[in-house]
Amino acid sequence: MKKISLLIVLIAVAYMPLQAQPGKGNRWSRDGQSVLKAEATGIVAYPLSGKPSEIKVPASSYTPAGSSHALAVKDFYFSADEKKLLLYTNTKKVWRYETRGDYWVLDIATGKLQQLGKGKPVASLMFAKLSPDGNKAAYVSDHNIYVEDLSKGSITALTTDGTRRFINGTFDWAYEEEFGCRDGFRWSPDGNSIAYWQIDATRIRDFLMINNTDSIYSFTIPVEYPVAGESPSACRIGVADIRTAKTTWMQVPGDQQQHYIPRMEWMPGKNELIIQQLNRKQNDSKIMICDAANGKAHTLYEEKDSAWIDVKSRWDDDNIAGWDFIRNGKSFIWVSEQDGWRHLYNITADGGKATLLTPGNYDVISIAKIDEANNEIYFLASPENPTQQYLYKVSLNGGKATRITPANEPGSHEYKISPYGTWAIHEFSNAFTYPVSENVQLPAHTSSSNAVLNALKKSAEAPNKVAYFQVTTVDGITMDGWMSKPASFDSAKKYPVVFYVYGEPAGATTLDAIGAGRNFLYDGDMSADGYIYVSIDNRGTPLPKGRDWRKCVYRKVGLINARDQAMGAKALMKKFPFIDPERTAVWGWSGGGSMTLNLMFQYPEIYKTGIAIAAVGNQLTYDNIYQERYMGLPEENREDFVKGSPITYARNLKGNLLYIHGTGDDNVHYQNAEMLLNELIKYNKQFQFMSYPNRTHAISEGPGTYEHLSTLYTTYLRAHCQPGGK
């Protein structure tokens, strides 16, 4: 399962990206006993044992000559020997995240501080990395890759043909959004070569977004955006010799514009690459070994699925980079659903033999740590309750998994485990307990602070407003959900219900974590105002309930998942007679907005009021990687895309609809709104519409935006779904 951030738990929007800066993670000290943080005083080491912190590198060390202020550090990286410090500052956004900026290198022994890429445009460097020996640095600037000699200050261009649509060392919009691919080059283990992706988007049509607000004359913003049914950008892998700047291209078989290569790394200690190739349908995955010297490639391991195959970012904390090698590269850990459950496998690097390590009828949610020194793998799972997650461990030889998280800590747990597996930063929350963090020793899971237990004890003393339930539909589908009842609940009365939905393969809404039962967009207290607030996860959502649960929606997104939601709502109202069927509202954002529209249009007898935000109204408008993964190829089964799209059923609207979209949405384009508006107008369907000028998918830009959106949402809900018991 793709690790879902707290924001996704709260908002559950597939098309809206995670808001945390990707790839940063924790910076550990070399001995694995401390966490390093950039603070005003410098780079500070915080021992997990609780001992006093200490400044590892004072901020005065990275104060540029002639400046009275130290660099404002966004991120930092030490060389392997901790003799050099790479600093990332003056950052700028590239679509979602601040992946462009300035980089500086500090020689800790000599105190020499130098800026990389002098002469390049300000804040144009991306993904700078020190070479294995720490003597050079490589980075991307303006779609080309450069290597800089730190002692000489000389800069060598490894590529010179980069443009906005011919991309070296990073990725196009679709790869970034749907695979999590951003950093597109890797130093070789010997430091003599750099392997990199080259993305050719020159045959991809630009989608033109119109900016009407930032100047008197409007202007367009082009985005290379392949919609469903369009071939993806051509992709290939090259290995550049840093001395000659000559690139050797890997001879990966197949049409470069009909495949994806979401993963590539160097084999440990070898002049070979290991890559993952996916066909365009993303249901055939091949792991290949490529000889970096001559480019020859051969397939090591192949896996097929009748639906789709998830990539590493799904089950490794949204991080597509890295490869889980063990035994000095003789094998690696792989995740597969080939037996019907998401399990860990050991794949040998010499013959591709796969050995199941986690047998049983349960899903591995994600890998937390491979502790080869102790012959163990730590992973997250929840065999009994799909709304929760806990830490388990299993032998690298395979076998029965052992739960590490204490049994008296119900909820959702995250672990950031130190390099040597002795310590972990343990983060916890549940629907009643605000997030809390503690340092624990593994594998005993001991904590000197007992922060989690103390937080649980405190929350147990507070009123319990959220209840978890299961409901079974007329189709025999049992779904999990939560319900928050009105503060002054009277079972003899009937109350309005508001359903919060998402329902697509990229997010779940019912996790037992902070945010459950809370409506972040409602201006006020829904419980105090007399609303029942409910969320149910249908089939197709990424809960740890087996492959069939998640993948039965293949080619049926918009149909099976919508029916599950609707039948779940009916079953719930039958089960709980205090729900007023005449005051039934539904809302969601992005994929949840699409679900809201489908429910309002396909099941108008159930849902009386809907609020849809940033919705995909027509599946044929969305990007090919996401939509084709779950729906197939339009040229083969176009009717499935049509049947799953809300616009197809717009003529059936009977209730109250508020539709909201940002005109600057580069993810779910504003054209979705205009297409749907035209369809509603054609059938004289009355509704309320709000566009937010030049706002993105998050609708967060500009002064007053959130307050306006929250007020609009709340006012409409109260007006059309009257609160309170009757």
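Residues numbered from 1 in each chain as written. Predicted model: local features only at pLDDT ≥ 70, side-chain atom pairs only at ≥ 80, totals over all residues. Heavy atoms only, no water.

The protein chain is annotated in an unreviewed UniProt entry as Dipeptidyl-peptidase-4 from Chitinophaga niastensis.

### Quick notes on the overall build of the protein chain
When its secondary structure is counted, the protein chain shows 11 helices and 42 strands. With respect to the principal axes defined by its C-alpha atoms, the protein chain has extents near 80 × 60 × 60 Å. Classification of the 726 residues of the protein chain by burial places 60% in the buried group. In the protein chain, of all internal contacts separated by at least 6 residues, the share reaching a separation of at least 24 is 59%. Carbon and sulfur atoms make up 49% of the accessible area of the protein chain, which totals about 28,300 Å². Of the charged side chains in the protein chain, 78 are positive and 78 negative; the average position of the first set lies 2 Å away from that of the second. (Helix = DSSP H or I, 4+ residues; strand = E, 2+ residues; numbered from the N terminus. Buried < 20%, exposed > 50% of the residue type's maximum accessible area, 1.4 Å probe, protein only. Contact = heavy atoms within 4.5 Å. Areas by Shrake-Rupley, 256 points an atom, 1.4 Å probe, with all protein chains shown as cover. Lys, Arg positive; Asp, Glu negative; His and termini not counted. Charge placed at Lys NZ, Arg CZ, Asp CG, Glu CD.)

### A look at empty space enclosed by the protein
Under the counting rule described, the total for this entry stands at 3 cavities of 30 Å³ or more. Considering only enclosed or pocket space, the largest cavity measures out at about 150 Å³ in volume. Around the largest cavity sit 16 residues that line it, and Ile309, Asp310, Val335, Ser336 and Glu337 are the ones nearest its centre. The biggest single contributor to the lining of the largest cavity is strand E25 (residues 331-336), with 3 residues. Quantified by volume, the second largest cavity comes out at close to 80 Å³. Around the second largest cavity, the lining is made up of 14 residues, and of these Glu504, Val557, Ser594, Asn598 and Gln619 lie nearest the centre. Residue contributions to the lining of the second largest cavity peak at 4 residues, all from helix H7 (residues 591-602). (1 Å grid on protein atoms, 1.4 Å probe; cavity = no way out; pocket = protein on both sides within 12 Å on 5 of 7 lines; lining within 4 Å. Points joined across faces, edges and corners; volume = space filled by probe spheres on them.)

### A few points about the packing of aromatic side chains
Per the counting criterion, the structure on display carries 35 aromatic pairs. Between the NZ or CZ atom of lysine 129 and the centre of the ring of phenylalanine 185, over which it lies, the distance is 3.3 Å. The ring of phenylalanine 489 has lysine 485 sitting right over it, with the charged end atom 4.7 Å from the ring centre. (Phe/Tyr/Trp six-rings, centres within 6.5 Å; stacked < 30°, edge-to-face > 60°. Lys NZ or Arg CZ within 6 Å of the ring centre and 35° of its normal.)

### A look at the nonpolar core
The biggest cluster of nonpolar side chains holds 49 residues, and the ones touching the most others in it are Tyr175, Phe179, Leu273 and Ile275. Of all elements in the fold, only helix H2 (173-179), strand E15 (193-200), strand E16 (206-211), strand E18 (234-241), strand E20 (259-266), strand E21 (272-279), strand E22 (284-291) and helix H8 (624-631) reach the threshold of two or more residues within this core. Here this core spans two domains, since at least three of its residues come from each of domain 1 (160-323) and domain 2 (467-720). Setting aside its immediate chain neighbours within four residues, leucine 273 contacts Ala195, Ile237, Val239, Met250, Met264, Glu265, Trp266, Met267, Met288, Ile289 and Cys290. (Core = buried A, V, L, I, M, F, W, Y, C linked by side-chain atoms within 4.5 Å. Domains from an automatic or database assignment.)

### Here we look at the UniProt feature "domain: Peptidase S9 prolyl oligopeptidase catalytic" (unreviewed entry) in the protein chain
UniProt marks residues 527-706 with the feature "domain: Peptidase S9 prolyl oligopeptidase catalytic" (unreviewed entry), using the numbering shown here. Between the C-alpha atoms that bound residues 527-706 the distance is 21 Å, and the span itself is 38% helix and 19% strand. (UniProt positions renumbered as here; feature names shortened; annotations may be inferred.)

### A closer look at the pattern of salt bridges
In the structure shown here, the tally under the stated rule is 35 salt bridges. In this structure, aspartate 206 and arginine 165 form a salt bridge, with 3.3 Å as the shortest nitrogen-oxygen distance. Placement of aspartate 206 in strand E16 and of arginine 165 in the loop between strand E12 (155-157) and strand E13 (166-168) is noted, with a sequence separation of 41 residues between them. The shortest N-O distance in the salt bridge between aspartate 580 and arginine 583 comes to 2.8 Å. Accessibility assignment for this pair places aspartate 580 and arginine 583 in one class, buried. Salt bridges sharing common partners tie together Asp305, Glu337, Arg342, Asp363, Arg547, Asp548, Arg550 and Lys551. (Salt bridge = Lys/Arg side-chain N within 4 Å of Asp/Glu carboxyl O.)

### Structural notes on the domain arrangement of the protein chain
Each assigned domain of the protein chain is listed with its residue range as follows: domain 1 (160-323) and domain 2 (467-720). Tallying the contact residues gives 29 residues for domain 1 and 33 residues for domain 2. In total, about 2,800 Å² of surface goes out of reach between domain 1 and domain 2, with carbon and sulfur atoms giving 51% of it. There are 5 salt bridges connecting domain 1 and domain 2. Residue assignment for the side of domain 1 that touches domain 2 shows that the elements contributing at least two residues are H2 and E16. Considering every element that reaches the side of domain 1 that touches domain 2, the biggest residue donor is H2, with 6 residues. (Buried area = accessible area lost by both parts, 1.4 Å probe.)

### Examining the sheet that holds strand E39 (residues 579-589)
Judged by pairing direction, the sheet is mixed, and its 8 strands sit side by side in the order E35-E36-E38-E37-E39-E40-E41-E42 without closing on themselves. The strands lining the two open edges of the sheet, one partner per strand, are strand E35 (466-472) and strand E42 (688-692). Strand-to-strand twist of the sheet, defined as the mean angle between neighbouring strand axes without regard to direction, takes the value 20°. Docked against the sheet, helix H6 (residues 560-575) engages E35, strand E36 (478-484), strand E37 (495-500), strand E38 (532-537) and E39, running at close to 110° with respect to E35. The sheet strands contacting helix H10 (residues 671-682) are strand E41 (656-662) and E42, and the helix crosses E41 at an angle near 150°. (Pairing = 2+ DSSP bridges. Axes fitted to C-alpha atoms, helices over the stretch in contact; angles between N-to-C directions.)

### Describing the environment of lysine 270
Positionally, lysine 270 belongs in the loop between E20 and E21. With a relative accessible area of 43%, lysine 270 lands in the partly exposed category. A sequence separation of 21 residues divides lysine 270 from aspartate 291, and the C-alpha atoms of the two residues are 9.2 Å apart.

### What about the packing of H6 against H7?
Orientation of H6 relative to H7, taken along the N-to-C sense of each, is 65°, at an axis distance of 10 Å. Here H6 is positioned roughly perpendicular relative to H7, judged by the angle of their axes. In this structure, H6 meets H7 at a crossing whose hand is right-handed. In this structure, H6 contributes Asn561, Ala562, Gln565 and Ala566 to the contact, and H7 contributes Met595, Asn598 and Leu599. When its residues are assigned to classes, the contact of H6 with H7 shows 4 nonpolar, 3 polar and no charged. (Parallel < 35°, antiparallel > 145°, perpendicular 65-115°, else oblique. Left-handed = near helix turned anticlockwise from the far one by under 90°. Nonpolar A, V, L, I, M, F, W, Y, C, P; charged D, E, K, R; others polar.)

### Quick word on helix H11 (residues 705-720)
Because each turn of an α-helix spans 3.6 residues, side chains separated by three or four positions in sequence point in the same direction. The end-to-end C-alpha distance of H11, which contains 16 residues, comes to 23 Å, matching closely the 22 Å that a straight helix rising 1.5 Å per residue would cover. Taken together, the buried positions of H11 are Thr705, Leu709, Ser710, Leu712, Tyr713, Thr714, Tyr716 and Leu717. Packed against the buried residues of H11 are E37, helix H4 (526-529), E39, strand E40 (609-613), E41 and E42. (Expected span 1.5 Å × (residues − 1).)

### Structural notes on the environment of alanine 157
Structurally, alanine 157 is set in strand E12. Considered as a pair, alanine 157 and glutamate 337 are 180 residues apart in the sequence and their alpha carbons are 42 Å apart.

### Description of the side chain of histidine 343
Examined against the element boundaries, histidine 343 turns out to sit in strand E26 (residues 343-348). Residue classification places histidine 343 among the buried residues on the basis of a relative accessible area of 0%. A distance of 2.7 Å separates the side chain of histidine 343 from the backbone oxygen of glycine 360, its partner in a polar contact. (Polar contact = N/O pair within 3.5 Å; in protein donor to acceptor, adjacent residues only side chain to side chain.)

### A word on the sheet that holds strand E28 (residues 364-371)
Taken in spatial order, the 4 strands make up an open sheet running E28-E29-E30-E31, and their pairing is antiparallel. Only two strands of the sheet have a single neighbouring strand rather than two, namely E28 and strand E31 (402-403). In this sheet, strand E30 (residues 390-395) lies alongside strand E29 (residues 376-381) in antiparallel orientation, the contact comprising 6 bridges. Pairing of alanine 381 across the sheet is with tyrosine 390, part of E30.

### A short note on the packing of H8 against helix H9 (residues 634-643)
Two elements in contact, H8 and H9, have axes separated by 11 Å at closest approach and are oriented at 80°. When the axis of H8 is compared with that of H9, the two are roughly perpendicular. Taking contact as the criterion, the partners of Gln627, Glu628 and Met631 in H8 are, on H9, Pro634, Asn637, Asp640 and Phe641. By residue class, the composition of the contact of H8 with H9 is 3 nonpolar, 2 polar and 2 charged.

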